Amino acid sequence: MAVPLNPDLPSSWEIPGVFFSINLFGQGAGVGALDKRLLLLGHRLSTGTMPPDQPVLVNGQADANQFFGRGSDLARMVAAALSQVGGGVLDVWCCGINDPAAGTLATHLITVAGTATASGSVDAYICGYRASISIASGDTATTVAANLLTEINKLLDLPVTAAAVAGVITLTARHRGLVGNDLPVRVDQVGGAGITFSPGTLTYAVAAAGAGSATVSVSTTVISTPITDLDAAATIAANVAAQINAGGYPVTASVAGAVVTLLYARDRYVHRIAAAIVTSGGTTVTPAVGVVVADAGAQRPTLTTALTNLAGLNGFSGWSPEFIDVTTLGTISTHIEQQGDGRRQKGQMVHVAATTALAVAGAIPPGTTPLLTASPRYSLAWCPESPQQAYELAARTAAMVCAEDYAPRNYDGKPLKTDATVPLLLPPRAIRPSQDDQNAAIHTYFMTPLAVDEIAGTLDVVSGKTTSSSQDGTLHDWGTIRHIDFLRQSFSARLSSVFAGTNLRRNGTPHTANTVTVISIRDQAFLHATVLDAVDLYDGAEAFKDGFRAEPDAILPGRVNCFVPLAVIRSLHQIGAVGAPV
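Residues numbered from 1 in each chain as written. Predicted model: local features only at pLDDT ≥ 70, side-chain atom pairs only at ≥ 80, totals over all residues. Heavy atoms only, no water.

Novice: For the confidence of the model for the protein chain, give the residues involved together with the corresponding values.
Specialist: Of all residues in the protein chain, 98% attain a pLDDT of 70 or more, and the chain-wide mean is 95. Across residues 25-32 the pLDDT falls below 50, and counting only partners more than four positions away or on other chains, this stretch makes 17 contacts in the model. (pLDDT = per-residue confidence, 0-100. Contact = heavy atoms within 4.5 Å.)

Novice: Pulling in residues and values, what's your account of the pattern of salt bridges?
Specialist: With the rule as written, the count across this model stands at 17 salt bridges. Close ionic contact of Asp-188 with Arg-186 constitutes a salt bridge, the shortest N to O distance being 2.7 Å. Residue classification places Arg-186 among the buried residues on the basis of a relative accessible area of 12%. Connected through shared salt-bridge partners, Arg-186, Asp-188 and Asp-267 make up one network. (Salt bridge = Lys/Arg side-chain N within 4 Å of Asp/Glu carboxyl O. Buried < 20%, exposed > 50% of the residue type's maximum accessible area, 1.4 Å probe, protein only.)

Novice: I'd like to hear about the side chain of His-175, residue by residue, with values.
Specialist: Relative to the elements of secondary structure, His-175 occurs in strand β8 (residues 168-176). For His-175, a relative accessible area of 2% corresponds to the buried category. Among the polar contacts made by the side chain of His-175, one reaches the main-chain amide nitrogen of Asp-73 at a distance of 3.1 Å. In this structure His-175 touches His-43, Arg-44, Leu-45, Ser-72, Asp-73, Asp-99 and Leu-105, once residues within four positions along its chain are discounted. (Helix = DSSP H or I, 4+ residues; strand = E, 2+ residues; numbered from the N terminus. Polar contact = N/O pair within 3.5 Å; in protein donor to acceptor, adjacent residues only side chain to side chain.)

Novice: An account of the packing of aromatic side chains is requested, with residue identities and associated values reported.
Specialist: Two aromatic rings are characterised by how far apart their centres lie and by the angle between their planes. Enumeration according to the criterion identifies eight aromatic pairs in this entry. Look at Trp-93 and Phe-316: their rings are 5.8 Å apart centre to centre, the planes differ by 65°, and that puts the pair in the edge-to-face class. Separated by 223 residues along the polypeptide, Trp-93 in strand β3 (residues 91-97) and Phe-316 in the loop between α5 (304-311) and β18 (318-321) bring together distant segments of the chain. Among the aromatic side chains, those forming a connected cluster through ring pairs are Phe-491, Phe-526, Tyr-538, Phe-544 and Phe-548. In this structure, Arg-37 packs its charged tip against the face of Phe-316, placed 4.3 Å from the ring centre. (Phe/Tyr/Trp six-rings, centres within 6.5 Å; stacked < 30°, edge-to-face > 60°. Lys NZ or Arg CZ within 6 Å of the ring centre and 35° of its normal.)

Novice: Give me the lowdown on the sheet that holds strand β7 (residues 160-165), citing residues and values where you can.
Specialist: Spatial strand order, β7-β8-β4-β10: four strands in an open sheet with antiparallel pairing. Each having just a single partner strand, β7 and β10 (195-198) make up the two edges of the open sheet. Along the sheet, successive strands turn relative to each other by an average axial angle of 15°, direction set aside. The pairing of strand β4 (residues 105-114) with β8 spans six bridges and is classified as antiparallel. For Thr-107, the partnering residue across the bridge sits in β8 and is Thr-172. Helix α3 (residues 141-152) contacts β4, β7, β8 and β10 of the sheet and is inclined by roughly 135° relative to β4. (Pairing = 2+ DSSP bridges. Axes fitted to C-alpha atoms, helices over the stretch in contact; angles between N-to-C directions.)

Novice: So what about unusual backbone geometry? Which residues, and what values?
Specialist: Here the bond from Thr-369 into Pro-370 is cis, since omega is 0°, no more than 30 degrees from zero. Within the element layout of this structure, Pro-370 appears in the loop between α7 (358-362) and β20 (378-382). Unusually for a residue other than glycine, Gln-345 sits at a positive phi of about 60°. As for its placement among the helices and strands, Gln-345 is situated in the loop between α6 (326-339) and β19 (349-354). Residue classification places Gln-345 among the partly exposed residues on the basis of a relative accessible area of 21%. You will see that Glu-385, though not glycine, has its phi angle at about 50°, which is positive. Tracing the sequence through the fold places Glu-385 in the loop between β20 and α8 (390-402). The exposure class of Glu-385 is buried, given its relative accessible area of 0%.

Novice: Account for the pairing of strand β22 (residues 458-461), with residues named and values stated.
Specialist: Note that strand β21 (residues 448-453) and β22 share four bridges and pair antiparallel. When the sheet's bridge partners are listed, Leu-450 is paired in β22 with Val-461. Here β21 folds back onto β22 in antiparallel fashion, the turn holding four residues, of which Gly-457 has a positive phi close to 70°.

Novice: An account of the state of the cysteines is requested, with residue identities and associated values reported.
Specialist: Scanning the entire structure with this criterion turns up zero disulfides. Cysteine Cys-95 is unpaired, with the sulfur of Cys-94 as its nearest cysteine sulfur at 8.8 Å. (Disulfide = S-S within 2.5 Å.)

What follows is the structure in structure tokens.
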């Protein structure tokens, strides 16, 4: 049987070296240390000292704050990654990206209204950070807002700035573009009767012309209210408020005329508010909920220079970009696949996360070009209504995997972690995905669900899954692609160390260390497999001995073509058992 050729190694490529292509779709497919280089890719502030698009090694949080600006998305990603694994475990590299030049700043509202008729308190959570104040009887909305603003502004690592005017606190994203929409805000009020806290209002106008529905979207929830032909705007508003108040949503509501005021519900996180009229004509709805940034080209980052600069560096075993729109992910995927070919040989895996509803998040892997479902080099973690931003979760999963010493590690049940300085709160009990939804995330949408361990009180990886939809189930596991990349690096390093600088004898037997044969190359590859086998990094060298092959190249006299079966160690996910009385 002929030895397969490296498809990325043309006859015109004559630079010496070992060039190892990985065939993920074919048949069969010193030990060394794992690559522990993590790349974080996110927005920088203009106050940062590091120029944009320049990869740099970050030695700690102080570096991140200085290089990219405290409170920048990239500095916050560093904080999340380091809180997961601790300092000194990884080489954390960062590449700061400028905001989209024509982008829009997202805003979020905490509107305080009324006058307190009793004392109380309020806790406001922004991306998990808490600002707390007391409310005294007689406090006006302006007073309460000013006091709360003072506490919010003490939180220096928030991804927003805050200002208050006439009782309205406006949280403005530090960065322009789509990422600003992801800002989970929670307001818990105890006592303080007479005071309310609202994320905004919905104003309905014009009577309905035909039946339909009014929808309100908050976080991962869509609330739908029927509309009857000729319903007045005030009637529609009253029905919308009643529907919101009927069931445990992230908001409650009050209504005055045709205006619905949304109110923060205790223990729930509010963002991504939208409203629409479906099917019915005539009626309109106007949300006043801050600025929600539309998914458009002007709101997306430009990565051309950054990716060019990254292409000139050695690979990073883990990437964590903050961007999850399908256009930007497609750009990143194109780069990753090109850099992972049989010539450049960069084994890199991209971790992103989504905190949206199941089907919304699940539309991401099959929505990119190239498809994320066509490769095991991507992971999309899913945690609906997370108290933390999606990119913080992704930075943690990427750091978790990069820090792991054992390449084919099974990540089932591995917890996300933090330290005393970076919050990692659990998602609300009311929105935690059922096992059916977790299974749908894995089986239908090729995502990695994050779920709460109710006993340990931790947020855990249910199963570390890639976005691959391959029929080969082994390609669905984080540990598999990590192991494949390790094996390529390990075999390449071994063959290079033994054969670099030698000469090839096509006839006879070598008599000195200066020459080698094709057979000795094949045998050395197999010998290395036995070394890996002895430490559970190769699944049965003897079983695949006949699969190791080598032969001279038909065109280039100085090239030998090899085939190395990559026998990966598989993750054990389930044990199916049957019991019967005896």
